[in-house]
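What follows is each chain in one-letter form.
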Amino acid sequence: MNADFLFTSLLIVISPGTGALITLSTGLQQGTRSALVAAAGCTLGVLPHMLAAVTGLAALLQTSALAFDLVKYLGVVYLLFMGWETLREKGPLALSQANSPSTDGALVRYAVVANALNPKLSIFFLAFLPQFITVGDAHPARTMLLLSAVFAVMTFVIFSLYGAFAARVRHRILGNARVMHWIRWSVSLAFIGLAIKLALTSH
């Protein structure tokens, strides 16, 4: 396995983003088990982009401004929705114990959609993975799938660590109304900030 690929993937995974925020807020609210569920959902949300890169569908987003903008603005709307729901303390990402997710499936769907509606991930895989495919590789698609699987495993592990850390400190936080109010607004504004960043992304 290429060391440059592992190092670059690690930098990308640990950087703040939607998936990390979802896992952290879930760990604060529901503890380690739900944080692992959220991490799994975020990892599953990366899979469509991996498949798009392998099959060449990501090229459509790269060449078609209309397709790119459509997916982008769907993602913007969804992130704004998540910010609003967090602020209202409803939905799978509510930060109070009284508003816990009804099912693991609801949390997984929330996380999957959040990561799936990000066209930059598809373009990232399209531009990133081919750099680590050798010219003489007899099975480039299989190699891309292998590298994608490694990236997915790293995503799950790092996000799980984020969630476990949040779960470890949750009992010190949930009982403090002032801290909870600050966290709820911070998470909500973070989602809004990610939405604005995505909206300003050029094709």
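Because the structure is a prediction, the values reported are computed rather than measured.

**So, the pattern of salt bridges**
Here's step 1: For the structure on display, the rule yields one salt bridge.
Here's step 2: One salt bridge connects Asp104 with Arg33, and the closest N-O pair in it is separated by 2.6 Å. Here Asp104 is found in helix H6 (residues 104-116), whereas its partner Arg33 is found in helix H3 (residues 32-55), with 71 residues between them in sequence.

**Section: the packing of helix H2 (residues 18-30) against helix H8 (residues 140-173)**
When two helices pack together, their arrangement is given by the angle between their axes and by how far apart the axes lie.
Here's step 1: The geometry of H2 relative to H8 is characterised by a closest axis approach of 7 Å and an angle of 35° between their N-to-C directions. In this structure, the crossing between H2 and H8 has a hand that is right-handed. Contacts between H2 and H8 pair Gly19, Ala20, Thr23, Leu24, Gly27, Leu28, Gln29 and Gln30 from the former with Phe159, Tyr162, Gly163, Ala166, Ala167, Val169, Arg170 and Ile173 from the latter.

**Examining the environment of Leu79**
Here's step 1: Checked against the element boundaries, Leu79 lands in helix H5 (residues 65-87).
Here's step 2: You can call Leu79 buried: its relative accessible area is 6%.
Here's step 3: For the pair Leu79 and Ile192, spaced 113 residues apart in sequence, the C-alpha separation works out to 6.6 Å.
Here's step 4: Those residues within four positions of Leu79 in sequence are excluded, and the remaining contacts are Thr18, Phe191, Leu194, Ala195 and Leu198.

**Considerations on the side chain of Ser9**
Here's step 1: Mapped onto the elements of the fold, Ser9 is located in helix H1 (residues 3-14).
Here's step 2: Those residues in contact with Ser9, other than ones at most four positions away along the chain, are Phe128, Phe151 and Met154.

**Considering the packing of aromatic side chains**
Here's step 1: Under the definition given, this model contains one aromatic pair.
Here's step 2: For the ring pair Phe159 and Tyr162, a centre distance of 6.3 Å and an interplane angle of 25° mean the geometry is stacked. Note that Phe159 and Tyr162 are positioned in helix H8 at a spacing of three residues, about one turn of the helix.

**Considerations on the UniProt feature "transmembrane region" (unreviewed entry) in the protein chain**
Here's step 1: Following the UniProt record, one finds the feature "transmembrane region" (unreviewed entry) at residues 6-24, 36-58, 70-87, 107-133, 145-167 and 179-200.
Here's step 2: The straight-line gap between the two end C-alpha atoms of residues 145-167 is 32 Å; of that span, 100% is helix and 0% is strand.

**Topic: the packing of H2 against H3**
Here's step 1: Contact pair H2 / H3: the axes reach a minimum separation of 7 Å and the direction vectors enclose 160°. Considering their axes alone, H2 and H3 lie roughly antiparallel with respect to each other. At the point where H2 passes H3, the crossing takes the right-handed sense. Residues Gly19, Ile22, Thr23, Thr26, Gly27 and Gln30 of H2 touch H3, and the partners they reach there are Thr32, Ser34, Ala35, Ala38, Ala39 and Cys42.
Here's step 2: Of the residues belonging to the contact of H2 with H3, the class tally is five nonpolar, seven polar and no charged.

**Some remarks on the side chain of Thr43**
Here's step 1: Among the secondary structure elements, Thr43 is positioned in helix H3.
Here's step 2: Exposure remark for Thr43: the relative accessible area of 12% places this residue in the buried category.

**Digging into a nonpolar patch on the surface**
Here's step 1: A cluster of nonpolar side chains, contributed by Leu36, Val153, Phe156, Val157 and Leu161, occupies part of the molecular surface with about 430 Å² of accessible area.
Here's step 2: It is H8 that contributes the most residues to the nonpolar patch, four residues altogether.
Here's step 3: Looking at the secondary structure, you find Val153 in helix H8.
Here's step 4: With relative accessibility at 51%, the residue Val153 sits in the exposed group.

Cut-offs used in this document
Residues numbered from 1 in each chain as written. Predicted model: local features only at pLDDT ≥ 70, side-chain atom pairs only at ≥ 80, totals over all residues. Heavy atoms only, no water. Salt bridge = Lys/Arg side-chain N within 4 Å of Asp/Glu carboxyl O. Helix = DSSP H or I, 4+ residues; strand = E, 2+ residues; numbered from the N terminus. Axes fitted to C-alpha atoms, helices over the stretch in contact; angles between N-to-C directions. Left-handed = near helix turned anticlockwise from the far one by under 90°. Contact = heavy atoms within 4.5 Å. Buried < 20%, exposed > 50% of the residue type's maximum accessible area, 1.4 Å probe, protein only. Phe/Tyr/Trp six-rings, centres within 6.5 Å; stacked < 30°, edge-to-face > 60°. UniProt positions renumbered as here; feature names shortened; annotations may be inferred. Parallel < 35°, antiparallel > 145°, perpendicular 65-115°, else oblique. Nonpolar A, V, L, I, M, F, W, Y, C, P; charged D, E, K, R; others polar. Patch = residues over 30% accessible without salt bridge, like charges linked within 9 Å, V, L, I, M, F, W, Y side chains within 5 Å. Areas by Shrake-Rupley, 256 points an atom, 1.4 Å probe, with all protein chains shown as cover.

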